[in-house]
Amino acid sequence: MDPRLPDTPAEQRSRLPLRYRVRRIANPDRLLSIGPLITVVLFLTAVGVAMSFLRFEEIEREQETVTRDVEYAQQRMRLRLLTLEEHLMRAAQVMAERQTTPKAFKAEAATLLAQSQELVGVQWLDANLTVKAQHVLAIRDTMPSSLAWTASAQQLTRQSLPLLLQKRRPTYVPAPLLGQLWMVMAPIQREGEMVGVLRAALDLETLRYLGTPSELGARLALALTTPDGQALAGTLPPVRRRLTAWLPLAYQVSQHHTPLGPMGGQVWVHGQAYRVSSGVIAETMVWVVGILSALTVWFLLSNWRQNRRRMAAQRALQAESSFRRAMEDSMPTGMRALDMAGRITYVNPAFCRMTGWSEAELLGCLPPFPYWPKEDRGKLMSRLKEELQGQNLAGSEIRVQRKDGSVFYTRMYVSPLVSPTGEQTGWMTSVTDITEPKRIREELFAAHERFTTVLESLDAAVSVANLGSQELLFANRLYRQWFGHDTNGHHRMVMQAQLSSQNAGQDAEDADDLAGLPAHTLVESSTGSAEVHMQPLNRWLEVRSRYLTWVDGRLAQIVIATDISERRRAQALAEQQADQAQAASRLITMGEMASSVAHELNQPLTAISNYCNGLIARVKSRQIADSDLLTVLDKTSHQAQRAGQIISRIRSFVRRSEPRRQATRVEALVSNALELAEIDARRHAVRLNHYVAARLPEVHVDPILIEQVLINLIKNGADSIEQAQRPVGQREVELAVRRRLLDEQDGVEFSVRDTGGGIASEDMDRVYEAFFSTKAEGLGLGLKLCRSIVESHGGRLQVSNLYNNAHISGCCFTFWLPLQAAAVGAPPASPPISEESETP
């Protein structure tokens, strides 16, 4: 069939003047003289064209019928083969799961043959393809054993065995010497291994007979053939050549063939229609004779013009109807027609696709219609009554239920359906699926409401301004409250943020200057942030800005300003309090170590007193030489220097100063901390050992704060040993310093180990809490300050107990500090160790 649509009415009308132009130019007398001849010629031409068209339509319709029937028969045969395969696989599975005997096999085979009438015999082969048992129908013994199960069949079975192992499904093989019998082999598998084969004989004639519907046998012949056309089952009537075969409208045999899918293209279903005499030619000849006789009457010449006009109008109407029908069928909008009683008289394919109901199921339905949701039927019935009365015809949103139960939203418009005579015959309704647009609209509206609500309730001023103009594209409530409805505040914040960034050492290329910069790189750039002080507001603001593409494609800049005045004041206060707490902690530490410091100072002072008293006595007795005098004075000076160093070290430790980070040698940190920590350790009779890895790089820290951490950890270890009352041989604190990688970052690790009583498991999570201490006189601030100091340097502080078998033998505090670039001229750094390295 020609897929092109019929000519539109405009195209039909465009050709009408050209046809009538000949009539205007021709001579009327000459036209009357040759009128009958022209009429006959035109009529015969029209008859020939009409007959050709009808014949072609008939041939095509007959061919479509044959194709449909053959495909239907092929589907039935294919279904029977699939059912047969399932029965064979089920029987093979049963035989694999059970210990089947030949007698049991025959019973199973009889059941299989009863279920699948296409089979005439079944054999059971073991893994070596040796026949163990077989069963053949007695009443249909068309397959003698001496002929069907010959050595050639065994050989063919062996050849098909690799394909059977690969498919693990039934395989079809033509039986030797018998064309209509095929072998169907199914594997018998046990635990993934093939232990035998179930081989059955398939009768193609029976398959064709059972697979052919009875209603098809009267109009076409069906046969099963090979791909080259050789008949395997059934027969096809021979195509006889007739004398009229050379004619254009000669009879053509309608036939169709298609492969039978499960048999791998080796068997085809071939169908051929029986010749049926339609009598079209005889009827046409009678009709032509009558028309020719009538045309001989001259009165038709007077009606020629009218007939031509009528035919043109008829063709135009037909083209118009076909064109409108094509439009209705192809449009995505559903169409539904109701009569005056509310009965459905027409639905287009789009309406059927929307609802899932077919045209046959909908035509003639009375309300309530099947596509109405049950919960809406009362409302929809009332609305339909109003529509049938001509009321409430405006577009309305209605829920429609598909055949599968799903519900979607539609918009329906109702209009009167008027016949050509002007009489209303019903109502026409157009239906549009608005489920997706409705969902998108609701989501967009909800998203816009959420977005607007969030922006309006933010504690930050948000503004978007167009670059190169003074247009403010968006401003939330807080921005309008601070700066009004113009872009002055937006540009002022951007300028101050740029000045703050430049003062902080940023390059001039980061300035907000669009000259020579492509727009796409600006949009893809990261967000800039700066803290500025706005004098008109007397507030500190954190200003973040970036470029973006606005909804209309213009390049814009968004600025988010957060009030951080309270945070700045809190930070300043926190820093001040932290400095005071650290200084107080150092004073508390020195206060706790006062007796030890006094004892440490008493030794050099006592030595100085003794040296002076002895020197005075020997000078008075004049029993001292100059060399002895110098020796005594040198020792006295050494003891005085030692006392001064202790006092200077204590003063530098407790002196309150501004935090100042600098490149510091790890050896100096450890030496200064140990010098003070050893004073208290000796008082507790605790041996203090230390290990510092060679060639450690410098760390960028505040040395006083890190020394405070080391002293507190060492002092806590000594106090824990004293509290645990360890014997003298087990009173030891060890400080180890080494280089270590943590989270792929290079750094230095300080670990302080003691042999005290450790930390109880229930107190492990509370050791860093303020005012929590396991010591009776402790304030609970030391470890919290230590953790704060370490984390302020970007490091980590951890604690764990040391065990000897199942007993706690001590505690280990470890803190890690990240490295900075080593100073110029520093010795080469030692290689770092990984996190899995053990501590010596």
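Preceding this paragraph is the structure being described.
Everything quoted here is computed from the prediction, not taken from an experiment.

1. Brief notes about the overall build of the protein
In step 1: Of regular secondary structure, the protein possesses 23 helices and 26 strands.
In step 2: When burial is assessed residue by residue, the protein has 37% of its 840 residues classed as buried.
In step 3: In the protein, once contacts between residues fewer than 6 apart in sequence are set aside, the share between residues at least 24 apart is 61%.
In step 4: Total accessible area on the protein stands at roughly 48200 Å², and carbon and sulfur atoms take up 55% of it.

2. What about the side chain of Thr212?
In step 1: In this fold, Thr212 is placed in the loop between α7 (204-211) and β6 (220-225).
In step 2: Of note is the side chain of Thr212, whose polar atom sits 2.5 Å from the backbone oxygen of Arg208.
In step 3: Here Thr212 is in contact with Met77 and Leu222, once residues within four sequence places are set aside.

3. As for the pattern of salt bridges
In step 1: Under the definition given, this model contains 31 salt bridges.
In step 2: Among the ionic pairs, Arg169 bridges to Glu85, the shortest N-O distance being 3.5 Å. Residue Arg169 is found in the loop between α6 (151-167) and β3 (171-174), and its partner Glu85 is found in helix α3 (residues 35-97); the two are separated by 84 residues along the sequence.
In step 3: In this structure Arg169 comes out as partly exposed when scored by relative accessible area, which is 37%.
In step 4: Here Glu471 makes a salt bridge to Arg554, at a shortest N to O gap of 2.8 Å. In this pair, Glu471 sits in the loop between β15 (460-466) and β16 (472-475) while Arg554 sits in the loop between β18 (539-549) and β19 (555-563), placing the two residues 83 residues apart along the sequence.

4. Brief notes about the pairing of β6
In step 1: For β6, the tally of buried residues reaches 6 of 6 residues, placing the bulk of the element in the interior.
In step 2: Side chains Leu220, Leu222 and Leu224 of β6 all project onto a buried face; the interleaved residues Ala221, Ala223 and Thr225 project onto the opposite face, where all are buried too.
In step 3: By the bridge criterion, 6 bridges tie β6 to strand β9 (residues 268-273) in an arrangement that is antiparallel. Its bridge partner lying in β9, Leu224 is registered against Val269.
In step 4: Sheet topology places β6 next to strand β7 (residues 231-233); 2 bridges connect them, and they run antiparallel. Bridge pairing in β7 places Leu224 opposite Ala233.
In step 5: Between β6 and β7, which pair antiparallel in sequence order, lie 5 residues; one of them, Gly229, sits at a positive phi of approximately 100°.

5. Examining the nonpolar core
In step 1: Counting 44 residues, the largest nonpolar core has Ile714, Leu735, Val737, Phe750, Phe813 and Phe815 as its most contacted members.
In step 2: Secondary structure elements with two or more residues in this core: α21 (666-683), β22 (699-701), α22 (703-724), β23 (732-742), β24 (745-754), α23 (782-792), β25 (796-804) and β26 (807-818).
In step 3: Residue contacts for Val737: discarding those within four places in its chain leaves Val666, Val670, Tyr691, Val692, Ala693, Leu696, Val748, Glu749 and Phe750.
In step 4: Core analysis: the second largest hydrophobic core is formed by 42 residues, Leu112, Leu204, Leu207 and Ala273 among them.

6. Some points on the packing of α22 against α23
The axes of two packed helices give the description: the angle between them and the distance between them.
In step 1: Two elements in contact, α22 and α23, have axes separated by 10 Å at closest approach and are oriented at 145°. Between α22 and α23 lies a crossing of left-handed hand. On the side of α22, the interface is formed by Leu705, Ile706, Gln708, Val709, Asn712, Leu713 and Asn716, while α23 contributes Gly782, Leu783, Cys786, Ile789 and Val790.
In step 2: When grouped by side-chain class, the residues that make up the contact of α22 with α23 number 8 nonpolar, 4 polar and no charged.

7. Description of the pairing of β19
In step 1: Of the strand pairs in this sheet, β15 and β19 are connected by 7 bridges, and their pairing is antiparallel. Bridged to Asn466 within β19 is Ala556.
In step 2: Pairing of β18 with β19 involves 9 bridges; the strand directions are antiparallel. By the bridge assignment for β19, Leu548 is matched with Ala556.
In step 3: Linking β18 to β19, which pair antiparallel, is a turn of 5 residues; within it Gly553 sits at a positive phi near 95°.

8. A word on the sheet that holds strand β1 (residues 119-126)
In step 1: In space, the 5 strands of this open sheet follow the order β2-β1-β5-β4-β3, with antiparallel pairing throughout. A strand with exactly one partner marks an edge of an open sheet, and here the two such strands are β2 (131-136) and β3. Strand after strand, the sheet turns through a mean of 20° between neighbouring axes, direction not considered.
In step 2: In terms of strand pairing, strand β4 (residues 181-190) meets strand β5 (residues 193-203) through 10 bridges, oriented antiparallel. Each residue of the ladder has a partner; that of Gln189, found in β5, is Met194.
In step 3: In this fold helix α4 (residues 102-115) packs onto β1, β2 and β5, with an angle of close to 145° to the strand it touches most, β1.
In step 4: Most of the contacts of α7 go to β5, to which it runs at about 70°, and overall it touches β4 and β5.

9. Some remarks on unusual backbone geometry
In step 1: In this structure, the amide linkage connecting Pro367 to the following residue, Pro368, adopts the cis form with an omega of 5°.
In step 2: With respect to the secondary-structure elements, Pro368 resides in the loop between α12 (359-362) and α13 (377-388).
In step 3: Residue Gln725 is not a glycine yet carries a positive backbone phi of 55°.
In step 4: Residue placement: Gln725 occurs in the loop between α22 and β23.

10. What about the sheet that holds strand β10 (residues 334-339)?
In step 1: Pairing within the open sheet is antiparallel, and its 5 strands lie in the order β11-β10-β14-β13-β12. The open sheet is flanked by β11 (344-347) and β12 (396-401), the only strands paired with a single partner. Geometrically, the sheet is characterised by an average inter-axis angle of 35° between neighbouring strands, direction not taken into account.
In step 2: Two strands pair when backbone bridges link them, and β12 and strand β13 (residues 407-418) are joined in this way by 6 bridges, in the antiparallel orientation. Following the sheet pairing, Glu397 is matched in β13 by Arg411.

11. Quick look at the packing of α21 against α22
In step 1: Following both chains from N to C, one finds α21 and α22 inclined at 35°, their axes separated by 9 Å at the closest point. In this structure, α21 meets α22 at a crossing whose hand is right-handed. On α22, the residues that touch Leu669, Asn672, Ala673, Leu674, Leu676, Ala677 and Asp680 of α21 are Pro703, Ile706, Glu707, Leu710, Ile711, Ile714, Lys715 and Asp719.
In step 2: Of the residues in the contact of α21 with α22, the class split is 10 nonpolar, 1 polar and 4 charged.

12. A closer look at α23
In step 1: Here α23 has its buried residues at Leu783, Leu785, Cys786, Ile789 and Val790. All buried residues of α23 lie within an arc of 160° about the axis, which places them on one face of the element.
In step 2: Just downstream of α23 lies Gly794, where phi reads positive at about 80°.

13. Concerning the environment of Pro332
In step 1: Examined against the element boundaries, Pro332 turns out to sit in the loop between α10 (304-330) and β10.
In step 2: Residue classification places Pro332 among the exposed residues on the basis of a relative accessible area of 66%.
In step 3: A sequence separation of 101 residues divides Pro332 from Asp433, and the C-alpha atoms of the two residues are 9.1 Å apart.
In step 4: Once you skip the residues sitting within four places of it in the chain, Pro332 turns out to touch Ala350 and Met354.

14. Observations concerning α4
In step 1: In this model α4 runs 20 Å from its N-terminal to its C-terminal C-alpha over 14 residues, within 8% of the 20 Å that 1.5 Å per residue would give.
In step 2: Buried within α4 we find Phe105, Ala109, Leu112 and Leu113. End-on view of α4: buried residues confined to an arc of 95°, all on one side of the axis. In α4, the exposed positions that point more than 90 degrees away from the buried face belong to Lys103 and Ala114.

15. Examining the state of the cysteines
In step 1: Under the definition given, this model contains 0 disulfides.
In step 2: There is no disulfide at Cys811, and the cysteine sulfur nearest it, in Cys812, is 7.1 Å away.

16. Describing the packing of aromatic side chains
In step 1: A full pass over the atoms with the stated rule returns 7 aromatic pairs.
In step 2: Between Phe351 and Tyr371, the ring centres sit 5.3 Å apart and the planes meet at 80°, which makes this aromatic pair edge-to-face. On the criterion of sequence distance, the pair formed by Phe351 in helix α11 (residues 349-355) and Tyr371 in the loop between α12 and α13 is long-range, its members being 20 residues apart. Of the two residues examined, Phe351 and Tyr371, each falls in the buried class.

Each value, and the rule that gives it
The residue numbering used here restarts from 1 in each chain and proceeds along that chain's sequence as written. A pLDDT threshold of at least 70 governs which residues receive local features in this predicted model, and a stricter bar of 80 or more applies before side-chain atom pairs are shown or counted, although totals over entire chains, interfaces and linings include all residues. Note that the side-chain values use all heavy atoms of the structure and ignore hydrogens as well as water. Elements are defined by DSSP. Helices are runs of H or I of four residues or more, strands are runs of E of two residues or more, and each kind is numbered from the N terminus. Each residue's exposure class comes from its accessible area (1.4 Å probe, protein chains only) as a fraction of the maximum for that residue type: buried when under 20%, exposed when over 50%, partly exposed otherwise. The criterion used for residue contact is that any of the two residues' heavy atoms lie within 4.5 Å. For every accessible area listed, the method is Shrake-Rupley and the probe measures 1.4 Å; residues are considered covered only by the protein chains on display. Pairing of N or O atoms within 3.5 Å defines a polar contact, subject to two protein rules: one partner must be a possible hydrogen donor and the other a possible acceptor, and residues neighboring in sequence count only if both atoms are side-chain atoms. Here a salt bridge means any side-chain nitrogen of Lys or Arg lying within 4 Å of a carboxyl oxygen belonging to Asp or Glu. Strand pairing is assigned whenever DSSP identifies at least 2 bridges connecting the two strands. By nonpolar core is meant a set of buried Ala, Val, Leu, Ile, Met, Phe, Trp, Tyr and Cys residues that side-chain atoms within 4.5 Å join together. Angles shown run from 0 to 180 degrees and are taken between the N-to-C directions of axes, each axis being a line fitted to C-alpha atoms and, for helices, limited to the stretch in contact. Here is the rule for handedness: rotate from the far helix to the near one, and if that takes an anticlockwise turn smaller than a right angle the crossing is left-handed, while a clockwise turn gives right-handed. Any residue outside Ala, Val, Leu, Ile, Met, Phe, Trp, Tyr, Cys, Pro, Asp, Glu, Lys and Arg is labelled polar, Gly included; the first ten of those are nonpolar and the last four are charged. To obtain the arc, one takes the directions from the helix axis to the C-beta atoms. Expected helix span is taken as 1.5 Å per residue step, with the number of steps being one fewer than the number of residues. Disulfides are defined as pairs of cysteine sulfur atoms found within 2.5 Å of each other. Pairs were defined over the aromatic rings of Phe, Tyr and Trp, the Trp ring being its six-membered one, requiring ring centres within 6.5 Å. Orientation was assigned from the angle between planes: stacked under 30 degrees, edge-to-face over 60, tilted for the rest.

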